Amino acid sequence: MRRPLDLRHVISPGLRDLIELANTHDFDRVQEQVRNLRGCTRPVNLHGWTVTTDPATKEVVRSYRSEDEPTGRLLTTCGNRRASRCPACSRVYAADTYHLIKAGLSGGKNVAETVRDHPRAFVTLTAPSFGRVHNRKTDSTGKLRPCACGETHAEDAPELGTPLDPATYDYTGAVLWNAHAGQLWARFTTYLRRALAEHLGMTQKALNSALRVSFAKVAEYQKRGLVHFHAVIRFDGPDGHTSSPPPWATFDALKAAVGLAVERARLTVESDSIGERVIAWGGRFKVDPIAAMGDGELTDARVAEYTDAKVAGYVAKYATKNAEGAGTVDRTLICRPCAGRGHVRGPDGFHDRCPDCDGTGQAEPIKDLPIQQHVRQMIRTAWALGHLPEFAELKLWKWAHMLGFRGHFSSKSRAYSTTLSALRDVRRAWRLAQAEAARARAGHATTDETTLVTASSWTYLSSGYRPGEELLAAQVRHDLNEADRIKTEGEPWL
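Residues numbered from 1 in each chain as written. Predicted model: local features only at pLDDT ≥ 70, side-chain atom pairs only at ≥ 80, totals over all residues. Heavy atoms only, no water.

Q: Just checking my understanding: could you explain the overall build of the chain for this structure?
A: Within the chain, the regular secondary structure consists of 10 helices and 15 strands. Counting only C-alpha atoms and orienting by the principal axes, one finds that the chain spans roughly 80 × 60 × 60 Å. Put simply, the chain has 494 residues, and 42% of those count as buried. Summed over its atoms, the accessible surface of the chain is roughly 26600 Å², and 51% of this surface lies on carbon and sulfur atoms. Across the chain, the centroid of the 67 positively charged side chains sits 2 Å from that of the 57 negatively charged ones. (Helix = DSSP H or I, 4+ residues; strand = E, 2+ residues; numbered from the N terminus. Buried < 20%, exposed > 50% of the residue type's maximum accessible area, 1.4 Å probe, protein only. Areas by Shrake-Rupley, 256 points an atom, 1.4 Å probe, with all protein chains shown as cover. Lys, Arg positive; Asp, Glu negative; His and termini not counted. Charge placed at Lys NZ, Arg CZ, Asp CG, Glu CD.)

Right, here's the structure in full:
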C-alpha cells in the first residue's frame, strides 16, 4: 500500500497534482491518455464502460471500464472546430474540411475523379455597405490608394473596418444582415437554379432533369464585422458526380446565373420598431473558374490561379475561424443561471432579479469587454434587437458575440462529396483495424467486426484537465510544435 504524500511544502497546485499522479499505480497510463489527446485544450471527462462480444461464441472480444484508469475516468478530445478554443481539434476539423472540399473538386472519397472535368467556380458573395469605413483600396495596377479619411493605412491598422462616421453608420441594418445571411444564402441557391434555367432558355423541370448544381460554402468575417461567403459551385449530370453535365452547362452560363441570382435574391424584414428592411447581397461579388492544376498560392489578395488544392486549403482555413477575426470575443455573453433573461424564478414563483448578472442578463458587461467601440456597438445593437418581440425567434442576444450571425460556418449540398461523419468513420475503422492487428500479434483469434455486438454506458463528468495533467498536456503541445518546426525548418544542427 502506498504511503500518503505530504505535499504541503509544494506551493504550485499543478506540480503538487503532478506528483500525486506520478505516485499512482500506473503513471505511464496517465501519460498515455494525455498524449493520445494530442494537445487538446479542454478534453471531455467520461465515466462508464463498453463491452464488445461475439454473439456466436459469447466470447468477450474487447472490454473497457473507466474505473480501471489510474484517475478513474476516460479523457477524450473535445472536437471543437474553433481554433481560438482548441487549436489541436481545429486542425483535425480543418484537415477533414480540406479533404471534403478537395474530393468534390478532384475526386476520391467515393467521388468520381471525372468531377475535375466538370465546370467549377469559386464564388465570393459580400454584404452591402451600411456606411463608409476605413479601408485599404487599390487601383487597377494594384497600387495602394489613400482611404477616404485621407490616410494610407497599414495592413494591421486597428481602425480598418471601423466607420468613418459612427453616428451615421447603420448598425441595425448590419446586425440584421448578419442574422439573415444564412437565409439569404439559401434563397440564393434557389434563385441560382431559376436564373440558370432562364439564361439557358429552358424550364426549371427540364433543367433539373439534365443538370444538378452542387456546392460547398464557408463563411468569413470581414474587418467591418459583416460575414461574406466563399463557395465552390459545380455542375454535375442528372445522376450527380458520376455523370457528366450536358455540353451547354458551361462556366459562362454559371457566371451569368450567379449574377442574376445575386441581384434577385432578397428578404424583407418588417418591424414596428425599425420599419421595413430589405436584406440583399452587396454589389461586389466574384466568380472565378477553378483549374485542376496551377501555380502560385491562393491568399486573401486573390493573386493566384484558383486550383483544386488551393481552394480546398483556403476554405479549410476559414472553417476553423470564428468572429474573433472581426475583433469580437469567442464566447457567449448570456448569463447561464438566468439564460440571459435577467431574472430567475424565486421560491414564491415570482421573477426575482438574477444575482449573478444583477438583472442585465449578461455574463460580462458589454461596456467592460476588451474590444473596439465599433464591435461593442454591434454587440449592443444585437442585444437590444434580440429583446424586441418581433425578433424574438432570432435570439440575437444569444448570438450577440457573433455580431448577429447565427448560421453554419461551413455547409454543402448533399451530392457535393463525402461527409465529415464518413471521414470520422474511416478514422474509427482504421483504429479498430490497428487494435485487431495488435490482438493478432498477441496470439488472439481474429474476429469479423461486422458480426460483433457492442454494449456501452457513458456519463459526462466534466471538461478539462487536472492541474497535473495540464502540465503534461503543455509538454505534449511543445513536442508536437517542435516536431512540426523540424519538418519545415530541419534539425537545428543541419
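Next, the rest of the story.
Q: Would you take a moment to explain the sheet that holds strand β11 (residues 285–289) for this structure?
A: Consider a sheet: its strands pair through backbone hydrogen bonds, and that pairing is either parallel or antiparallel. Read across the open sheet, the 5 strands follow the order β11-β4-β8-β7-β14; overall the sheet is antiparallel. The sheet is open, and its two borders are formed by β11 and β14 (410–412), each paired with just one other strand. Across the sheet, the axes of successive neighbouring strands diverge by a mean angle of 15°, strand direction being ignored. Summarising the sheet, strand β7 (residues 212–221) and β14 pair through 3 bridges and their orientation is antiparallel. (Pairing = 2+ DSSP bridges. Axes fitted to C-alpha atoms, helices over the stretch in contact; angles between N-to-C directions.)

Q: Which parts of the structure should I look at to understand the nonpolar core?
A: Burial of nonpolar side chains together is a common tendency in soluble globular proteins. Judged by nonpolar contacts, the single largest core of 69 residues is most densely connected at W177, F188, Y221, I233, V258, W281 and I379. Considering every element that reaches this core, the biggest residue donor is helix α4 (residues 171–200), with 14 residues. With residues up to four places along the chain from it excluded, the contact list for I233 reads P119, R120, A121, V123, F188, L192, V213, S214, F215, L254 and V258. Within the second largest apolar cluster, 19 residues are counted, among which are Y93, L105, I290 and Y306. (Core = buried A, V, L, I, M, F, W, Y, C linked by side-chain atoms within 4.5 Å. Contact = heavy atoms within 4.5 Å.)

Q: Just checking my understanding: could you explain empty space enclosed by the protein for this structure?
A: Unfilled space is identified by rolling a water-sized probe across the atoms. Counting across every chain of the model gives 1 cavity of 30 Å³ or more. Approximately 40 Å³ is the volume found for the largest cavity. In terms of lining residues, the largest cavity is bounded by W185, F188, T189, L192, R193, V213, F215 and I233. Within the residue set of the lining of the largest cavity, elements represented by two or more residues are α4 and β7. By residue number, the principal contributor to the lining of the largest cavity is α4, which donates 5 residues. (1 Å grid on protein atoms, 1.4 Å probe; cavity = no way out; pocket = protein on both sides within 12 Å on 5 of 7 lines; lining within 4 Å. Points joined across faces, edges and corners; volume = space filled by probe spheres on them.)

Q: What is the right way to look at α4 in this model?
A: One full turn of an α-helix is made of 3.6 residues, so residues set three or four places apart face in the same direction. At A181, α4 is deflected by roughly 50°, the largest bend along its length. G201 occupies a position one or two residues after α4 and carries a positive phi of about 70°. (Bend = angle between axes of the 7 residues up to and from the residue.)

Q: Honestly, the packing of aromatic side chains in this entry has me stumped. Any pointers?
A: Between two aromatic rings, the relevant description is the distance of the centres plus the angle of the planes. All told, the structure shown has 15 aromatic pairs when counted by the stated rule. Measuring from ring centre to ring centre gives 6.1 Å for F122 and Y314, while their planes differ by 85°; the resulting arrangement is edge-to-face. Placement of F122 in strand β4 (residues 120–125) and of Y314 in helix α7 (residues 308–319) is noted, with a sequence separation of 192 residues between them. Side by side, F122 and Y314 carry an identical accessibility label, which is buried. Consider the rings of Y221 and F409, whose centres lie 6.1 Å apart with planes at 35°: the pair is tilted. Of the two residues, Y221 is situated in strand β7 and F409 in the loop between α8 (373–386) and β14; the sequence distance between them amounts to 188 residues. In this structure an aromatic cluster arises from ring pairing among W177, W185, F188, F215, Y221, F229, W281, F405 and F409. (Phe/Tyr/Trp six-rings, centres within 6.5 Å; stacked < 30°, edge-to-face > 60°.)

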